[in-house]
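So the chains spell out like this:
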Amino acid sequence: MDCGNGKDPQNADLVIGGIADDKVFRTIDLYFSNEINKSEALKRLVYEKPDMQICIKSQRLIDECLTFVDAMKL
């Protein structure tokens, strides 16, 4: 929720989390604007199954942990 609210986890090399759709964004917006409480937000989100995303935030992580394997023209 911090990332979605514009707070960047400064000390993180890697952030993994769900990609929110419009329904999820609406619920989060209602929560942050205090129109619904945490319990109501969680009740609305419990059945949502977002796709996962990975954000690599440091060049060090790329240099030390990733290896180029192959490429193909599509």
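Let us look at the structure shown here. Think of each chain on its own: its residues are numbered from 1, step by step along the sequence as written. Two thresholds apply to this predicted model, a pLDDT of at least 70 for residue-level local features and 80 or more for giving and counting side-chain atom pairs, whereas whole-chain, interface and lining totals are computed over all residues. Side-chain measures were taken over the full set of non-hydrogen atoms in the model, leaving aside hydrogen atoms and water.

Glancing now at the overall build of the chain. Labels follow the DSSP assignment, with helices taken as runs of H or I lasting at least four residues and strands as runs of E lasting at least two, numbered in each case from the N terminus. Within the chain, the secondary structure is distributed over three helices and two strands. Listing the helices and strands of the chain from first to last along the sequence gives β-α-α-β-α. Whether two residues are in contact is decided by their heavy atoms, any of which lying within 4.5 Å being enough. Long-range contacts, defined as pairs at least 24 residues apart, comprise 69% of the intrachain contacts of the chain with a sequence gap of at least 6.

This brings us to the pattern of salt bridges. Take a side-chain nitrogen of Lys or Arg and a carboxyl oxygen of Asp or Glu: if they are within 4 Å of each other, that pair is a salt bridge. Taken as a whole and judged by the stated rule, the model has four salt bridges. Here Glu40 and Lys43 are joined by a salt bridge, their closest N and O atoms 3.3 Å apart. Of this pair, Glu40 and Lys43 both sit in helix 2 (residues 38-45), three residues apart, which is roughly one turn of the helix. Relative accessibility thresholds used throughout: buried, under 20% of the residue-type maximum; exposed, over 50%; partly exposed, between the two (1.4 Å probe, protein chains only). Looking at Lys43, the relative accessible area reads 55%, which means it is exposed. Among the charged side chains, a network of salt bridges with common partners joins Asp13, Arg60 and Glu64.

Turning to the packing of aromatic side chains, a few remarks are in order. Two aromatic rings, drawn from Phe, Tyr or Trp (for Trp, its six-membered ring), form a pair once their centres lie within 6.5 Å of each other, and the interplanar angle then sorts them: stacked below 30 degrees, edge-to-face above 60, tilted otherwise. Per the stated rule, a full pass over the model turns up one aromatic pair. Ring plane angle 55 degrees and centroid distance 5.6 Å describe the contact between Tyr31 and Phe32, whose orientation is recorded as tilted. We classify Tyr31 as partly exposed; its relative accessible area is 25%.

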